[in-house]
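Residues per chain are reported as follows:
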Amino acid sequence: MTAQILDGTATAATIKTELTQRVAALAARGVTPGLGTLLVGDDPGSKWYVAGKHRDCAEVGISSIQEELPVDATQEDIEAAVRRLNENPACTGFIVQLPLPRGIDTHRVLELIDPDKDADGLHPTNLGRLVLRVNEPVTSPLPCTPRGIIELVERHGVDLRGADVVVVGRGVTVGRSIGLLLTRREVNATVTLTHTGTADLAEHTRNADVIVAAAGVPGIITADLVKPGAVVVDVGVSRATDPETGKSRVVGDVDPGVREVASWVSPNPGGVGPMTRAMLLSNVVETAERLAAS
Ligand SMILES: Nc1nc(=O)c2c([nH]1)NC[C@@H]1CN(c3ccc(C(=O)N[C@@H](CCC(=O)O)C(=O)O)cc3)C=[N+]21
């Protein structure tokens, strides 16, 4: 039996339809959510990602505020742009597209973002709120990729309550932060965080009900590492040249052979990526909803 597909493209489309209705309800109250982006430099990949975010916004009725700075912008230039977005009332949430050019203190820039406008949900204040406010409803932006993974899995009918989840990779955007969400009472999973220093990765993954593969190592999760019937989410994004077409394509952390043992697998592309983008929109709409309520 081959695994069923955790369809991120279709799920993101459903979420966008839901958000369109919430944006319309906000409009009726005179509030328009606005996503700001700050792009520094002219890396084609980053430009493409930022353009995609604004296309997503247009689809659901969120307005766009674009700040662009040249690659030789100084720390002060970048910080001034962040302050402008913090103070711009049309911008209800924004992101600073990463990576920033060499020589820029990225942490200093990100910490300057108003936590209430943090569309990525990765500001230290917001991560701290998740640590501290564990028994209260969250009223701050959540990290997009972790939230997208949980929504993707739950919206396909997979119950995470009591599940043993093994996370592979300790990167900030996924590995380090997803446990904060998975161990909240409303999700109630048990989480193991593995990384390059883990003595025996297979020993952990073979016992997992759910594997979140976020190592950034192509094909690291092979079929022999997966318990039959497990759910496998592929978060890894590496690039490789397709030997047949000669074109660059995305390669995930999950080996294709996993589909023969898992119950559910997220494709990559078409899985977690579109969900991350949908959650960015959710954060912007929710920020605007909190603003409208206050
Ligand atoms: N402040 C900040 N926030 C980010 O969230 C952020 C960032 N900086 N810098 C770069 C990374 C990358 N990222 C992606 C999100 C979605 C897809 C996505 O939707 N990918 C599609 C297509 C992939 C393809 O074929 O190229 C998919 O997975 O199906 C990809 C990449 C967000 N990032």
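In this text, all values refer to a predicted model and were calculated from it rather than measured experimentally. (Residues numbered from 1 in each chain as written. Predicted model: local features only at pLDDT ≥ 70, side-chain atom pairs only at ≥ 80, totals over all residues. Heavy atoms only, no water.)

*Asks:* Sorry if this is basic, but what is going on with the environment of Ala24 here?
*Replies:* Tracing the backbone through its elements, the reader meets Ala24 in helix 1 (residues 8-28). A sequence separation of 168 residues divides Ala24 from Thr192, and the C-alpha atoms of the two residues are 41 Å apart. (Helix = DSSP H or I, 4+ residues; strand = E, 2+ residues; numbered from the N terminus.)

*Asks:* Mind showing me how you'd approach the UniProt feature "domain: Tetrahydrofolate dehydrogenase/cyclohydrolase NAD(P)-binding" (unreviewed entry) in the protein chain here?
*Replies:* The sites that carry the UniProt feature "domain: Tetrahydrofolate dehydrogenase/cyclohydrolase NAD(P)-binding" (unreviewed entry) are, in the present numbering, residues 143-290. Taken end to end, residues 143-290 is 29% helix and 19% strand, and its two terminal C-alpha atoms sit 17 Å from one another. (UniProt positions renumbered as here; feature names shortened; annotations may be inferred.)

*Asks:* When you look at the site of the ligand in this model, what are you seeing that I'm missing?
*Replies:* If you check the shell around the ligand, you find 13 residues, and the closest are Val96, Gln97, Leu98, Asp120 and Gly270. Contact between the ligand and Leu98: a nitrogen atom at 2.9 Å from a main-chain N or O atom of the residue. A distance of 3.4 Å is found between an oxygen atom of the ligand and a backbone nitrogen or oxygen belonging to Pro274. Protein contacts shield 74% of the accessible area of the ligand, which totals 680 Å² for the unbound molecule. The set of elements that each furnish at least two residues to the shell around the ligand consists of helix 2 (44-60) and helix 9 (272-293). It is helix 9 that contributes the most residues to the shell around the ligand, three residues altogether. Residues belonging to the shell around the ligand are distributed by class as follows: six nonpolar, three polar and four charged. Both domain 1 (29-121) and domain 2 (143-274) contribute no fewer than three residues apiece to the shell around the ligand. (Near = heavy atom within 4 Å. Polar contact = N/O pair within 3.5 Å; in protein donor to acceptor, adjacent residues only side chain to side chain. Areas by Shrake-Rupley, 256 points an atom, 1.4 Å probe, with all protein chains shown as cover. Nonpolar A, V, L, I, M, F, W, Y, C, P; charged D, E, K, R; others polar. Domains from an automatic or database assignment.)

*Asks:* Just to check I follow, could you spell out the UniProt feature "domain: Tetrahydrofolate dehydrogenase/cyclohydrolase catalytic" (unreviewed entry) in the protein chain for this structure?
*Replies:* Taking the numbering used here, the UniProt-annotated feature "domain: Tetrahydrofolate dehydrogenase/cyclohydrolase catalytic" (unreviewed entry) corresponds to residues 6-120. Regarding residues 6-120, the helix share stands at 50% and the strand share at 16%, and the terminal C-alpha atoms are separated by 23 Å.

*Asks:* For this particular structure, what's the right way to read the pairing of strand 2 (residues 34-40)?
*Replies:* The two faces of a sheet get side chains in turn, since along a regular strand they alternate between them. Counting buried residues along strand 2, seven of its seven residues qualify, which places the element largely inside the surrounding structure. Relative to strand 3 (residues 63-69), strand 2 runs parallel, the two sharing seven bridges. Across the sheet, Thr37 pairs through a bridge with Gln66, a residue of strand 3. Note that the unit made of strand 2, helix 2 and strand 3 has a crossover that is right-handed. The pairing of strand 2 with strand 4 (residues 93-96) spans four bridges and is classified as parallel. Counterpart to Leu35 in the pairing with strand 4 is Gly93. (Buried < 20%, exposed > 50% of the residue type's maximum accessible area, 1.4 Å probe, protein only. Pairing = 2+ DSSP bridges. Right-handed = clockwise from strand over helix to strand, strands pointing away.)

*Asks:* Would you take a moment to explain unusual backbone geometry for this structure?
*Replies:* Generally, phi is negative for residues other than glycine and the peptide bonds are trans, each holding for most cases. The amide bond that connects Leu98 to the next residue, Pro99, takes the cis arrangement and shows omega of 0°. Assignment of secondary structure puts Pro99 in the loop between strand 4 and helix 4 (106-111). Between Asn268 and Pro269 the backbone carries a cis peptide bond, its omega angle lying at 5°. Tracing the chain through its elements places Pro269 in the loop between strand 11 (264-265) and helix 9. Although it is not a glycine, Asn188 adopts a positive phi angle of roughly 65°. Mapped onto the elements, Asn188 comes out in the loop between helix 7 (175-182) and strand 6 (190-194). Residue class for Asn188 comes out partly exposed when judged on its relative accessible area of 39%.

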